[in-house]
Amino acid sequence: MKFFVDTADTADIKELAATGLLDGVTTNPSLILKAGRPMKDVIAEICDLVEGPVSAEVTATEADAMIAEGRSLAAIADNIAVKLPLTLDGLKACRTLTDEGRMVNVTLCFSANQALLAAKAGASFISPFIGRLDDINIDGMDLIREIRIIYDNYGFETEILAASIRSANHVKDCALVGADVATVPPAVLKGLVKHPLTDKGLEQFLSDWAKTGQSIL
Ligand code: E4P
């Protein structure tokens, strides 16, 4: 499973990119607001930090305007994935932009039928939002399972980019049900490595090693 980080904070992205574990980045208008910087400057900086896809979201709501914004965003760097909302206009824009050879991430997906339409429109990525479904007492992971089955039934190549992830358990469950990608907030991503028994075991090993008086180099 690929890991994307869901942020427009370039300090966090730099730190995670240095681990070699980061495959891409997703942003949205709310994350751009949080970054407090001009969108195109931030996106250009992120594209320099990460080789993989960097999702940049349009804000127009009508297809022609979405296409114009998408082309403008895609001109920032080769690794831009134009992010479009899951509306009829968004799907129309998706078809045009994918036919032009651009990567498209269709976002705000909350149903399997929406995901089916996005795949038919040629999307490179579909972003089902797990956490926001969980928030309204609908199991977000069921949606990932359903999309996996539908895409496999028909051999769609659209990658399932599990989004709105809130916890380490969400990440594990996404891997178990076969999401292609998980886009994860920086704190959750950094937390995946932690286990108290790892810390305790390492402390013991280092303490015993010190008592041997040896050094490896
Ligand atoms: C996905 O691309 C979105 O940016 C993101 O995952 C939304 O997450 P949230 O529901 O925590 O805002």
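Every chain's residues receive numbers from 1 upward, in the order its sequence appears when written. pLDDT decides what is reported in this predicted model: residues at 70 or higher carry local features, side-chain atom pairs at 80 or more are listed and counted, and totals for whole chains, interfaces and linings draw on all residues regardless. No hydrogens and no water enter the side-chain calculation; it runs on all heavy atoms of the structure.

Let's talk about the packing of helix 8 (residues 140-154) against helix 9 (residues 168-177)
Then, number 1: Angles shown run from 0 to 180 degrees and are taken between the N-to-C directions of axes, each axis being a line fitted to C-alpha atoms and, for helices, limited to the stretch in contact. Put simply, DSSP H or I for four residues or longer makes a helix, DSSP E for two residues or longer makes a strand, and each gets a number counted from the N terminus. Close contact between helix 8 and helix 9 brings their axes to 10 Å; oriented N to C, the two are set at 20 degrees. Accordingly, the angle class assigned to the pair helix 8 and helix 9 is roughly parallel. Viewed along their axes, helix 8 and helix 9 form a crossing whose handedness is right-handed. Listed contacts from helix 9 to Met141, Ile144, Arg145 and Arg148 of helix 8 are His170, Asp173, Cys174 and Val177.
Then, number 2: Just so you know the grouping, Ala, Val, Leu, Ile, Met, Phe, Trp, Tyr, Cys and Pro go in nonpolar, Asp, Glu, Lys and Arg go in charged, and all remaining residues, Gly too, go in polar. Residues belonging to the contact of helix 8 with helix 9 are distributed by class as follows: four nonpolar, one polar and three charged. Any angle that is under 35 degrees is reported as roughly parallel, and any over 145 degrees as roughly antiparallel; angles of 65 to 115 degrees are reported as roughly perpendicular and all others as oblique. Crossings are assigned a handedness: left-handed for a near helix turned anticlockwise from the far helix by less than a right angle, right-handed for a clockwise turn. When checking whether two residues touch, look at their non-hydrogen atoms; a contact exists if any pair is within 4.5 Å.

Some remarks on the site of the ligand
Then, number 1: The ligand sits among Asp6, Thr26, Asn28, Lys83, Phe129, Arg132, Ala163, Ser164 and Arg166.
Then, number 2: Contacts described as polar in this section are N or O atom pairs within 3.5 Å, which, within protein, must combine one atom able to donate a hydrogen with one able to accept it, while residues neighboring in sequence count only if both atoms come from side chains. Ser164 places a side-chain nitrogen or oxygen 2.7 Å from an oxygen atom of the ligand.
Then, number 3: Surface accessibility follows the Shrake-Rupley procedure with a 1.4 Å probe radius. Residue values consider only the protein chains on display as shielding. In the complex, 85% of the free accessible area of the ligand, which totals 340 Å², lies under the protein chains.
Then, number 4: When the residues that make up the shell around the ligand are grouped by side-chain class, the tally is two nonpolar, three polar and four charged. Note on definitions. A residue lies near a molecule or strand when any single heavy atom of the residue is within 4 Å of it.

Topic: the pairing of strand 5 (residues 103-109)
A regular strand places its side chains so that they alternate between the two faces of the sheet.
Then, number 1: For strand 5, the tally of buried residues reaches five of seven residues, placing the bulk of the element in the interior.
Then, number 2: When the strands point away from the viewer and the path from the first strand over the helix to the second turns clockwise, the crossover is right-handed. With helix 5 (residues 88-99) bridging strand 4 (residues 80-85) and the parallel strand 5, this β-α-β connection has right-handed handedness.
Then, number 3: Taken together, the three bridges between strand 5 and strand 6 (residues 125-128) define a ladder with parallel strand orientation. By the bridge assignment, Cys109 is partnered in strand 6 with Pro128.
Then, number 4: Assessed by its sense of winding, the connection that carries the chain from strand 5 through helix 6 (residues 112-120) to strand 6 is right-handed. Between buried and exposed lies partly exposed: a residue is buried under 20% and exposed over 50% of the maximum accessible area for its type, with that area taken using a 1.4 Å probe on protein chains only. For two strands to pair, DSSP has to find at least two bridges joining them.

Comments concerning the packing of aromatic side chains
Both the distance between ring centres and the angle between the ring planes are used here to describe each pair of aromatic rings.
Then, number 1: Here a pair means two rings of Phe, Tyr or Trp (six-membered ring of Trp) with centres within 6.5 Å. Their orientation is stacked below 30 degrees between planes, edge-to-face above 60, and tilted elsewhere. Within the structure shown, the criterion is met by four aromatic pairs.
Then, number 2: Here a set of aromatic residues connected by ring pairs shows up, and it is made of Tyr151, Tyr154 and Phe156.

Some thoughts on the environment of Lys172
Then, number 1: Considering the arrangement of structural elements, one finds Lys172 in helix 9.
Then, number 2: Taking the relative accessible area as the measure of exposure, Lys172 reaches 47% and is therefore partly exposed.
Then, number 3: In this structure the C-alpha to C-alpha distance between Lys172 and Glu69, which are 103 residues apart in sequence, comes to 35 Å.

Describing the nonpolar core
Then, number 1: Residues grouped as a nonpolar core are buried Ala, Val, Leu, Ile, Met, Phe, Trp, Tyr and Cys residues, joined through side-chain atoms within 4.5 Å. One finds Leu84, Val106, Ile126, Ile144, Ile147, Ile165 and Val184 to be the most contacted residues of the largest nonpolar core, which totals 59 residues.
Then, number 2: By residue number, the principal contributor to this core is helix 8, which donates five residues.
Then, number 3: With residues up to four places along the chain from it excluded, the contact list for Ile126 reads Leu86, Asn105, Val106, Cys109, Ala115, Ala118, Ile147, Tyr151, Thr158, Glu159, Ile160 and Leu161.

Quick notes on the pairing of strand 1 (residues 2-6)
Then, number 1: Along strand 1, four of the five residues are buried, which leaves the element largely enclosed by surrounding structure.
Then, number 2: As defined by bridge partners, strand 1 adjoins strand 2 (residues 24-26) across three bridges and the pair is classed as parallel. Note on strand 2: the bridge partner recorded for Phe4 is Gly24.
Then, number 3: A crossover links strand 1 with its parallel partner strand 2, the connecting element being helix 1 (residues 10-17), and its sense is right-handed.

Let's talk about the sheet that holds strand 4
Then, number 1: With respect to topology, eight strands assemble into a closed barrel ordered 1-2-3-4-5-6-7-8, the strand pairing being parallel. For this sheet the average axis-to-axis angle between neighbouring strands, irrespective of direction, equals 30 degrees.
Then, number 2: The strands that helix 3 (residues 39-49) touches are strand 2, strand 3 (54-57) and strand 4; relative to strand 3, the one it contacts most, it runs at about 170 degrees.

Overview of the pattern of salt bridges
Then, number 1: By definition here, a salt bridge exists when the distance from a side-chain nitrogen of Lys or Arg to a carboxyl oxygen of Asp or Glu is within 4 Å. Summed over the entire model, instances satisfying the criterion amount to 13 salt bridges.
Then, number 2: Residue Asp135 pairs with Arg166 through a salt bridge whose shortest N-O separation is 3.1 Å. Of the two residues, Asp135 sits in helix 7 (residues 130-135) while Arg166 sits in the loop between strand 7 (159-162) and helix 9, which places them 31 residues apart along the sequence.
Then, number 3: The class for Asp135 is exposed, based on a relative accessible area of 53%.
Then, number 4: The network of salt bridges with shared partners includes Asp12, Glu15 and Lys190.

The quantities given are spatial measurements derived from coordinates; they are silent on function.
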